Structures are given as C-alpha cells and as structure tokens.
Amino acid sequence: MLSSFARLIEYAEHFSKAIGVPKLCLVLVRRFTGNNAPVTVSSFGQTYEIRPLDTDLKVATQIFGRQEYDLGDSWSPINRLAAEWKAEGDTPVIIDAGANVGYSALYFAHKVPTAVVVAIEADRGTFEVLCKNVASNKRIKPIHAAVWSHEKGVSMTAEGENNSWAGRVSEHGSRVPSLLLPSTFADIPNGRPLVVKLDVEGAEAEICKASPEILHEVPCIMIEPHDWLLPGAGTVSSLFNALAGRRVDTLLRGENLLIVDSSLRAA
C-alpha cells in the first residue's frame, strides 16, 4: 500500500511539473466526469492540447515532466554541431518517428532551435491531433506515414479505445503510406539527420534493418525497445548491427535508450 501511495505521489509530481497544478486538476476533473473536451496547456513555452480521456496526459508527463528525451549536458554539443552544419549550408533535421500527438516534436523544437523536426505518425486520427498541436511552429513538418522497410504501404491496427499510442504497423495491407528513413527528410533542402527518434511499437526492427547507413552516421539516436512486447523478435538487433564499430555513449531515460556519439560528449 505504501509503495502504491508513493508511486501515486511521484506521478502527481511529474504530472504537475509537465502542465502545472491548475491545468492538471482541470484535466483530471474532465477525465473523471467523462468529458473529453481538450484542455489547452503549455510546457517549455510550447502550447498544445490534452484530451482527458486519451493517453495524452501520460505522454505529456513522460516528455515534459519526466523528460525522457533529455540529453542533459549533451544538448550543448548537439546544438553546436547543428550550428556548424547550418554555417556549412546544411539543414539539421530531427526525425521523430512515432510522433503521436506532437509533444515530442514540440520538445525537440524547443531543445534545438536551429533544427527542422519531421514528425511522422501513422494513425490518421492521431496525426490530425498532431497537426493541430504543432501548427504554430513552422519548423515542425508533419507527415502522415509509417516509417518502414519499403514504400509500398502498410496497415495499422490499434489496441483499445481512446489509446492513441498503442497502434502497431503490419506488413499486410496498404491503407497507410510507408516511407524509408531517408525519404522522411528528402524534401528538406540539404537536410542532414541530427537526431533519429524511434517510438514505433516494434517497427524499429524493420526500420533499422532497411536504413543502417543513416543510423551508423547520425550523431544521436533515441529508441524505445519493444522486445517486451514481441519476445524473440530482437527488435533492436538491427540497430546494434548498424552501430558496429562506432564509439557511442548509451544513456537510459525512462523507457528509452539515448545513444550519442562519444566524441560529442567528450568534447
């Protein structure tokens, strides 16, 4: 009982850190009364909406409360590198695959002000919410597609109602456009991947297998492994193969592995 209470207090702390106590109370009241009217909130100077009956509050808490994509001191060398690329005529690109409703894209746009963020989401309803949340930030480019190992289209299956983050991509069918990783930034003039973030419910195996050259070069990779969801699938094995021969630092933040080129952190 004590551990459950302590966990509740911890979650409440992160919830309030993400969106503030007054807005948290409003979201919870609407949730408990079955009212899904969105609540407009702000985090890190970014304004977006939370739907009380979906997983939005939990996602916002992971990103803005727990800051599960926070590189700490490593953001400084990442930003210096982005500035160097800009000076050379290249456009730093953050690829946000599995962008959900756009909170991670807003977070990345805040952390790297010189980068273009490509926010890719396969679920049509979730993508529409994403577009609304990022509309005011012109550096965020939404794409309705699934990042995959080919560009022939895939199918999308959702698990549970009001659960926008549980959709999984399947090889069978072609209802959703699919893109190879290089195609996600092909339309950005002189685009150059700075960060690749993958939260794709097991699709990371197909993505990493199809585009190892990008993963071998990109300065930072953020990935949520899903071997717990797909036992025996080796969902990040292809990523480890792509990283062979590289010196990288691996950080653990919540559910994610944050992989940064060691030379950046040493500098």
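As shown above, the structure is provided for reference.
Bear in mind that the values here come from a model prediction, so they are computed numbers and not experimental data.

1. A closer look at the overall build of the chain
Per the secondary structure count, the chain includes ten helices and 13 strands. When its C-alpha atoms are laid out on the principal axes, the chain stretches across 50 × 45 × 40 Å. Sequence-distant contacts, at least 24 apart, represent 62% of the contacts inside the chain between residues at least 6 apart. As displayed, the chain offers around 12,300 Å² of accessible surface, 54% of which is attributable to carbon and sulfur atoms. Treating the 26 positive side-chain charges of the chain as one cloud and the 31 negative ones as another, the clouds have centres 5 Å apart.

2. Quick word on the pairing of strand β4 (residues 116-121)
Remember that side chains alternate between the two faces of the sheet whenever the strand is regular. In terms of residue burial, β4 counts as a mostly covered element, since six of its six residues are buried. The side-chain alternation of β4 yields two buried faces, one formed by V116, V118 and I120 and the other by V117, A119 and E121. Here five bridges tie strand β3 (residues 91-97) to β4, and the two strands are oriented parallel to one another. Across the sheet, the residue bridging to V93 is V116, located in β4. The handedness of the β3 to β4 crossover, carried by helix α5 (residues 103-111), is right-handed. As paired strands, β4 and strand β5 (residues 140-144) are joined by five bridges and run parallel to one another.

3. Looking at the nonpolar core
Here is a general trend for soluble globular proteins: nonpolar side chains tend to be buried in one another's company. Core analysis: the largest hydrophobic core is formed by 45 residues, its most contacted members being I19, Y48, I50, F64, Y103 and M222. It is α5 that contributes the most residues to this core, six residues altogether. If we skip the residues at most four places from it in the chain, F64 touches K17, A18, S43, F44, Y48, Y103, L106 and Y107. With 36 residues, the next largest nonpolar core counts I120, I188, A203 and I207 among its residues.

4. Re the pairing of strand β10 (residues 191-198)
Taking burial as the measure, the eight residues of β10 include six buried ones, the bulk of the element. The sheet contact formed by β3 and β10 spans seven bridges and is parallel. Bridge pairing links D96 to K197 in β10. Where β10 meets strand β11 (residues 220-223), four bridges bridge the pair, whose relative direction is parallel. Among the inter-strand pairings, V196 is bridged to a residue of β11, identified as I221.

5. Regarding the sheet that holds strand β13 (residues 256-261)
The strand order across the open sheet built from seven strands is β5-β4-β3-β10-β11-β13-β12, with neighbouring strands paired in mixed fashion. Taken across any chain shown, the strands that pair with only one partner, and hence form the sheet edges, are β5 and β12 (248-253). Within this sheet the neighbouring strands show an average axis-to-axis angle of 20 degrees, counted without direction. Strand contacts of helix α4 (residues 75-87): β3, β10 and β11, with the helix running at about 150 degrees to β10, the strand carrying the most contacts.

6. Brief notes about unusual backbone geometry
A positive phi angle, near 55 degrees, is found at F44, a position not held by glycine. When you line up the elements, F44 lands in the loop between β1 (39-43) and β2 (46-50). Phi at N190 is positive, roughly 55 degrees, even though this residue is not glycine. Here N190 shows up in the loop between β9 (178-179) and β10.

7. Here's the deal with the environment of L258
Topologically, L258 is positioned in strand β13. Using a relative accessible area of 0% as the deciding quantity, one classes L258 as buried. Between the alpha carbons of L258 and I120 there is a distance of 19 Å; along the sequence they are 138 residues apart.

Reading the values: the criteria
Residues numbered from 1 in each chain as written. Predicted model: local features only at pLDDT ≥ 70, side-chain atom pairs only at ≥ 80, totals over all residues. Heavy atoms only, no water. Helix = DSSP H or I, 4+ residues; strand = E, 2+ residues; numbered from the N terminus. Contact = heavy atoms within 4.5 Å. Areas by Shrake-Rupley, 256 points an atom, 1.4 Å probe, with all protein chains shown as cover. Lys, Arg positive; Asp, Glu negative; His and termini not counted. Charge placed at Lys NZ, Arg CZ, Asp CG, Glu CD. Buried < 20%, exposed > 50% of the residue type's maximum accessible area, 1.4 Å probe, protein only. Pairing = 2+ DSSP bridges. Right-handed = clockwise from strand over helix to strand, strands pointing away. Core = buried A, V, L, I, M, F, W, Y, C linked by side-chain atoms within 4.5 Å. Axes fitted to C-alpha atoms, helices over the stretch in contact; angles between N-to-C directions.

Note that every value here comes from positions in space, so none of it alone points to a role or purpose.
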